[in-house]
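Residue strings, one per chain:
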Amino acid sequence: MAALKPKEYRRNFERLGNIREIVFGVQDGVLTTAGVLAGLSGAVSVRSQVILAALASTIAGALSMGAGAYLGTHAETAVLRSELDRVRRESEEQPYVVQDSLIESLGKEGLTREAAYRVVKLLSSSKDVLFNTAEEKLYGLSGATFGNAMVDGLLMGVAFLIGALVPLVPFMLISSVHAGLVAGIATTAVTLFLVGYIFEGRFSNERCPALAGVRFLAIALSAAIIGYVAGVLIAPIGAVPLG
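The residue numbers shown here count from 1 along each chain, following its written sequence. This being a predicted model, a pLDDT of at least 70 is required before a residue's local features are given, and a value of 80 or more before pairs of side-chain atoms are given or counted; all residues contribute to the totals for chains, interfaces and linings. Hydrogens and water are ignored here; the side-chain numbers use all heavy atoms of the structure.

Novice: Hey, could you go over the overall build of the protein chain for me, with residue numbers and the actual values?
Specialist: Counting from the N terminus, the helices are the DSSP runs of H or I reaching at least four residues and the strands are the DSSP runs of E reaching at least two. Within the protein chain, the regular secondary structure consists of 9 helices and 0 strands. When the helices and strands of the protein chain are listed from N to C terminus, the series reads α-α-α-α-α-α-α-α-α. Only protein chains enter the area calculation, which uses a 1.4 Å probe; residues under 20% of their type maximum are buried, those over 50% are exposed, and those in between are partly exposed. Out of the 243 residues in the protein chain, the part that is buried amounts to 34%. Contact between two residues is taken to exist if any of their heavy atoms lie within 4.5 Å; hydrogens are not considered. Of the contacts formed within the protein chain by residues at least 6 apart in sequence, a portion of 72% connects residues at least 24 apart. Just so you have it, the protein chain exposes about 14700 Å², and 65% of that area is on carbon and sulfur atoms. Only the protein chains shown count as cover for residues, and all accessible areas are computed by the Shrake-Rupley method using a 1.4 Å probe.

Laid out in structure tokens, this is it:
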């Protein structure tokens, strides 16, 4: 009989938790850069200017997303740790309230009151075990809920950068602005379809993974079309002298 491997499972769950940063970063990088390319291609005819603007947007976006993810996770962790400390202090001051609440919680999950009482009595033989159980079952807080700010920031920034290169590289390799834009949008659509198909569809065991890919594809095409139309609409502004 195969034995459970809690530590291995926990590490695996933590890695899966980082999928959010990867998917969000790649999606935002692809869509932002595709939108910039589409918008500028509709407003600017000089290819080098479009590329420089897209590169500047890519660098700024990667730094901004990475810093935002780092600061967000850091702030969230600080708040959660503060709340966890407050809950621990209250639990130590009123352990009987924790015990009664656990008995009630276990009862709602299907145990008889007598069985729940015996379980809580066993847990109460160790103060740390009792409080750790209460933190998880009653408050939904535990050390495992804390993210790693540095890891989240790096993943988000790198994922954004990789996503941004998807439409940008074909655009840079093709001399024609419009042909490069078409190639960039095509790679954007394919990439987002695959991201949705793999991460949301396959990893989550969705009945029809292709639907997740189609959702990403629809977003990509919508962003590109709207960006291009916006660029065409604002193009006349550049011809109006200022001052």
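Novice: Describe the pattern of salt bridges, and please don't skip the residues or the numbers.
Specialist: Salt bridge criterion: a side-chain nitrogen from Lys or Arg within 4 Å of a carboxyl oxygen from Asp or Glu. Per the counting criterion, the structure on display carries 1 salt bridge. A salt bridge links E104 to K108, with the shortest nitrogen-to-oxygen separation between them at 3.6 Å. Here E104 pairs with K108, and both are found in helix α4 (residues 95-108), just 4 residues apart, close to one helical turn.

Novice: Could you give an account of the packing of helix α2 (residues 19-43) against helix α3 (residues 47-93), naming the residues involved and the relevant values?
Specialist: Whenever a helix is involved, its axis is fitted only over the stretch in contact; in every case the axis is a line through C-alpha atoms, and angles between N-to-C directions fall within 0 to 180 degrees. It is the contact of α2 with α3, at a shortest axis distance of 10 Å, that shows an interaxial angle of 155°. Here α2 lies roughly antiparallel to α3, going by the angle between them. Regarding α2 and α3, the two cross each other, and that crossing is right-handed. Residue-level inspection shows F24, D28, T32, T33, V36, L37, L40 and S41 of α2 in contact with α3, the latter providing V50, A53, A54, S57, T58 and M65. Just so you know how the angles are binned, under 35 degrees is roughly parallel, over 145 roughly antiparallel, 65 to 115 roughly perpendicular, and the rest oblique. Handedness of a crossing is defined here by the sense of rotation of the near helix relative to the far one, left-handed for an anticlockwise turn of less than a right angle and right-handed for a clockwise turn.

Novice: A description of the packing of α4 against helix α5 (residues 113-123) should follow, citing residues and the corresponding values.
Specialist: Where α4 meets α5, the axes come as close as 9 Å, and the angle between the chain directions of the two elements is 135°. Between α4 and α5, the interaxial angle falls into the category oblique. Crossing angle aside, the handedness with which α4 passes α5 is right-handed. The residues of α5 that touch α4, namely those facing Q99, L102, I103, L106 and G107, are R113, A116, Y117, V119 and V120. Three classes are used: nonpolar for Ala, Val, Leu, Ile, Met, Phe, Trp, Tyr, Cys and Pro, charged for Asp, Glu, Lys and Arg, and polar for all others, with Gly counted as polar. Classifying every residue of the contact of α4 with α5 gives 7 nonpolar, 2 polar and 1 charged.

Novice: Lay out the environment of A60 in plain terms, naming residues and giving numbers.
Specialist: With respect to the secondary-structure elements, A60 resides in helix α3. Along the sequence, A60 and G157 sit 97 residues apart, while their C-alpha atoms lie 10.0 Å from each other.

Novice: Explain the packing of aromatic side chains residue by residue, including any values.
Specialist: Aromatic pairing here means that ring centres of Phe, Tyr or Trp (its six-membered ring) are within 6.5 Å. Orientation follows from the plane angle: under 30 degrees is stacked, over 60 is edge-to-face, and everything else is tilted. Within this structure, the stated rule accounts for 1 aromatic pair. Ring centres 6.1 Å apart and planes at 20° place the aromatic pair F193 and Y197 in the stacked group. Linking F193 with Y197, this pair stays in helix α8 (residues 177-202), spanning 4 residues, or about one helical turn. Given the relative accessible area of 25%, F193 is considered partly exposed. Judged by its relative accessible area of 29%, Y197 falls in the partly exposed class.

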